[in-house]
Structure formats: C-alpha cells, structure tokens
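Observations on the model geometry
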Amino acid sequence: MSSPNNWDADSEGRAAKLLRKSRDAPFVPIGMAGFVGLVGFGLWRLRSRGAVKMSVHLIHTRVMAQGFVVGAMTLGEHCGGWECMLRLSNNTSLIVASIAKDTTETFTQA
C-alpha cells in the first residue's frame, strides 16, 4: 500500500518562513544579525591576533556570538513574558470582579 507523494516539505518558502517567524518572535532576526556581525568581527580581528593561538581565538569568537544569541533569546522571552503577564493580569482582574459580583449577589439574596 503506497501513499501518494503529494507532500511538499518546502511549500512555504524560506523568505516567507523567515518573515513569519520574525513577526512571531522579533528577537530572532536580531540574534541572527548579531551572530553574523560578531563572527565577521572575529574573522576581521583574526589577522591581528598576536600571540594568541588560532583555536583560542576561534573559541572566543564562538562564545561571543553564542552569548549574543542567547541574550537576544532571553530578552525576547522576557519581553514576551511581560506581554503575557499583562494580558493575564487584565483577564484575572475581570475574573475577580465577576466572582466578587456573584458573591455579593448570593449574600444579598439570602
């Protein structure tokens, strides 16, 4: 029993996928740009590294670039968390107000 081969793995396209993901998480392109920038800076600095071994210089460059990406992701999650928390606090205040209203109606009827 064979299934039809109508499945297209890349139906969205790379550019459209990147735009959609950058709208969902705006710190992703910032992290990517910072990563590329720091790797470029590390490669540019490579020509005047002095007595530092090549492997040590490349490790430092990688750690800087990864640190920037992790920082951008953390900042994005932090900002997203505040947005979610504000939305939740607005909904919570509405829920608490409706519970208080129901409670006062119950006591006034008795």
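Residues numbered from 1 in each chain as written. Predicted model: local features only at pLDDT ≥ 70, side-chain atom pairs only at ≥ 80, totals over all residues. Heavy atoms only, no water.

Observations regarding the overall build of the chain
As a reminder of what qualifies: Secondary structure elements follow DSSP: runs of H or I no shorter than four residues count as helices, runs of E no shorter than two count as strands, and numbering proceeds from the N terminus. Remark: exposure states derive from per-residue accessible area (1.4 Å probe, protein chains only) relative to the maximum for the residue type, with buried under 20%, exposed over 50%, and partly exposed in between. Computed by Shrake-Rupley with a 1.4 Å probe, the accessible areas treat only the displayed protein chains as cover when residues are assessed.
The helix and strand inventory of the chain stands at three helices and zero strands. Starting at the N terminus, the α and β elements of the chain follow one another as α-α-α. Put simply, the chain has 110 residues, and 9% of those count as buried. Total accessible area on the chain stands at roughly 9,200 Å², and carbon and sulfur atoms take up 66% of it.

Considerations on the side chain of His57
So the rule is basically this: Two N or O atoms count as a polar contact when they lie within 3.5 Å, although within protein this holds only if one can serve as hydrogen donor and the other as acceptor, and sequence-adjacent residues are included solely when both atoms are side-chain atoms.
Its location among the elements puts His57 in helix α3 (residues 54–109). Within the local environment of His57, its side chain forms a polar contact with the backbone oxygen of Gly42, the two atoms lying 2.9 Å apart.

A closer look at the packing of aromatic side chains
Just so we agree on the cut-off: Only centres within 6.5 Å qualify two rings of Phe, Tyr or Trp (six-membered ring in Trp) as a pair; their planes then separate them into stacked at under 30 degrees, edge-to-face at over 60, and tilted for everything else.
Evaluated as defined, the whole model comprises one aromatic pair. Taken together, a centroid distance of 6.0 Å and an interplanar angle of 35° make the contact between Phe41 and Trp44 tilted. One end of the pair is Phe41 and the other is Trp44, both in helix α2 (residues 27–45) and three residues apart, which spans about a single turn. Given the relative accessible area of 51%, Trp44 is considered exposed.

Some points on a nonpolar patch on the surface
What counts, and what does not: Patches were defined on residues exceeding 30% relative accessible area and lacking a salt bridge, with like-charge contacts within 9 Å and nonpolar side-chain contacts (Val, Leu, Ile, Met, Phe, Trp, Tyr) within 5 Å. Between Lys or Arg on one side and Asp or Glu on the other, a salt bridge is scored when a side-chain nitrogen of the former is within 4 Å of a carboxyl oxygen of the latter.
Taken together, the side chains of Leu18, Val28 and Met32 present a nonpolar region at the surface, about 250 Å² in accessible area. Structurally, Val28 can be placed in helix α2. Taking relative accessible area as the criterion, Val28 reaches 38% and is therefore assigned partly exposed.

Some thoughts on the side chain of Thr61
Quick reminder of the rule: Between two residues, a contact is recorded if the distance between any of their heavy atoms is within 4.5 Å.
Within the fold, Thr61 resides in helix α3. Within the structure, the side chain of Thr61 is placed 3.0 Å from the backbone oxygen of His57, a separation counted as a polar contact. Once residues within four sequence positions are removed from consideration, Thr61 is found in contact with Leu38, Val39 and Gly42.

Focus: the confidence of the model for the chain
The condition that has to hold: Known as pLDDT, the predictor's per-residue confidence is scaled from 0 to 100.
With 64% of its residues at a pLDDT of 70 or more, the chain has an overall mean of 76. Looking across the chain, the model is least confident in α3, with a mean pLDDT of 73, and most confident in α2, with 88.

Examining the environment of Thr61
The class for Thr61 is buried, based on a relative accessible area of 6%. Residues Thr61 and Phe41, 20 residues apart in the sequence, show an inter-C-alpha distance of 8.4 Å.

Points about the environment of Leu58
When you line up the elements, Leu58 lands in helix α3. Between the alpha carbons of Leu58 and Leu46 there is a distance of 8.4 Å; along the sequence they are 12 residues apart.

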